[in-house]
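Report on the structure
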Amino acid sequence: MCREEAAGLSSLKADLNQLNVPLYGIVHEELGVDGFRPYLKGELLLDTEKNFYGPEETRMGIFGLLRFGVWKSLWRSYHKGFSGNTEGDGTLLGSTLVIGPGDRGILFEYRSAEFGDHADPEDVLEAAKQIAHK
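This section reports on the structure supplied with the text. (Residues numbered from 1 in each chain as written. Predicted model: local features only at pLDDT ≥ 70, side-chain atom pairs only at ≥ 80, totals over all residues. Heavy atoms only, no water.)

Overview of the overall build of the chain
- The number of helices and strands found in the chain is five helices and four strands.
- Mapped in sequence order, the helices and strands of the chain form the string α-α-β-α-β-α-β-β-α.
- Relative to its length of 134 residues, the chain is compact, with a C-alpha radius of gyration of 15 Å against a globular reference of 14 Å.
- With respect to the three principal axes, the spread of C-alpha positions in the chain is 45 × 35 × 30 Å.
- Within the chain, the fraction of its 134 residues that count as buried is 32%.
- Look at the contacts in the chain between residues 6 or more apart in sequence, and 59% of them connect residues 24 or more apart.
- Put simply, the chain shows about 8600 Å² of open surface, and 54% of that area lies on carbon and sulfur atoms. (Helix = DSSP H or I, 4+ residues; strand = E, 2+ residues; numbered from the N terminus. Rg over C-alpha atoms; globule rule 2.2 N^0.38 Å. Buried < 20%, exposed > 50% of the residue type's maximum accessible area, 1.4 Å probe, protein only. Contact = heavy atoms within 4.5 Å. Areas by Shrake-Rupley, 256 points an atom, 1.4 Å probe, with all protein chains shown as cover.)

Right, here's the structure in full:
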């Protein structure tokens, strides 16, 4: 479901380019990166020490598969044509951040609460517009 989110954020690439706002993806391991890379139209960075994931990592174990929201996300992603993989550590949940230049800090933050939960690309675009207007 990370591929679905990457594709959704990549759909903003033309708008982000007009705003002069780059798109980055951060992964915590190299396993599965080659399969993920085609979905992200931005630079992909590797953070093996997981510094970018914050002082407290958000994880979901195997019992997360019992949640209705996860099954709903799996169904949605599958019907959009996205496939996943079972390589590596799939328990670490991701987030979407829009970080402003200099001391502006985080302008938008969305931390996934479960597998398949991700930010609305329109919210990300609105936050990116804040960078261009300041």
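Alright, that's what it looks like, and here's the rest.
Regarding the nonpolar core
- Formed by 19 residues in total, the largest nonpolar core has its most connected members in Leu16 and Val124.
- Elements with a contribution of two residues or more to this core: α1 (2-10), α3 (33-36) and α5 (121-132).
- Residue contributions to this core peak at five residues, all from α5.
- Setting aside its immediate chain neighbours within four residues, Leu16 contacts Val21, Leu23, Leu125 and Ala128. (Core = buried A, V, L, I, M, F, W, Y, C linked by side-chain atoms within 4.5 Å.)

A few points about a negative patch on the surface
- Taken together, Asp15, Asp120, Glu122 and Asp123 make up a surface patch of like negative charges.
- The residue Asp15 is located in helix α2 (residues 13-19) in this model.
- On the basis of relative accessibility, which here comes to 31%, the residue Asp15 falls in the partly exposed class. (Patch = residues over 30% accessible without salt bridge, like charges linked within 9 Å, V, L, I, M, F, W, Y side chains within 5 Å. Salt bridge = Lys/Arg side-chain N within 4 Å of Asp/Glu carboxyl O. Lys, Arg positive; Asp, Glu negative; His and termini not counted. Charge placed at Lys NZ, Arg CZ, Asp CG, Glu CD.)

Focus on a nonpolar patch on the surface
- A cluster of nonpolar side chains, contributed by Ile62, Phe63, Leu65, Leu66 and Leu74, occupies part of the molecular surface with about 550 Å² of accessible area.
- Mapped onto the secondary structure, Leu65 falls in the loop between β2 (43-46) and α4 (68-79).
- Relative accessible area serves as the criterion here: at 32%, Leu65 is assigned to the partly exposed category.

Topic: the pattern of salt bridges
- Under the counting rule described, the total for this entry stands at three salt bridges.
- A salt bridge links Lys80 to Glu4; its shortest N-O distance comes to 3.2 Å. Here the residue Lys80 occupies a position in the loop between α4 and β3 (95-99), and Glu4 occupies one in helix α1, the gap between them amounting to 76 residues.
- Among the salt bridges present, the one from Arg111 reaches Glu109, with a minimum N-O distance of 2.6 Å.

Comments concerning the environment of Leu92
- By the secondary structure assignment, Leu92 is in the loop between α4 and β3.
- Remark: the alpha-carbon pair of Leu92 and Cys2, spanning 90 residues in sequence, is separated by 11 Å.
- Sequence-distant contacts of Leu92, that is, excluding residues within four places in its chain, are made with His28, Lys50, Tyr53, Glu57, Thr58 and Arg59.

A short note on the environment of Ile99
- Note on placement: Ile99 falls in strand β3.
- Classification of Ile99 by relative accessible area gives partly exposed; the value is 45%.
- Put simply, Ile99 and Ile131 are 32 residues apart on the chain and 8.5 Å apart in space, counted from C-alpha to C-alpha.
- The contact partners of Ile99, leaving out residues within four places of it in the chain, are Phe52, Gly105, Ile106 and Ile131.

Bear in mind that shape data such as this cannot, by itself, settle questions of function.
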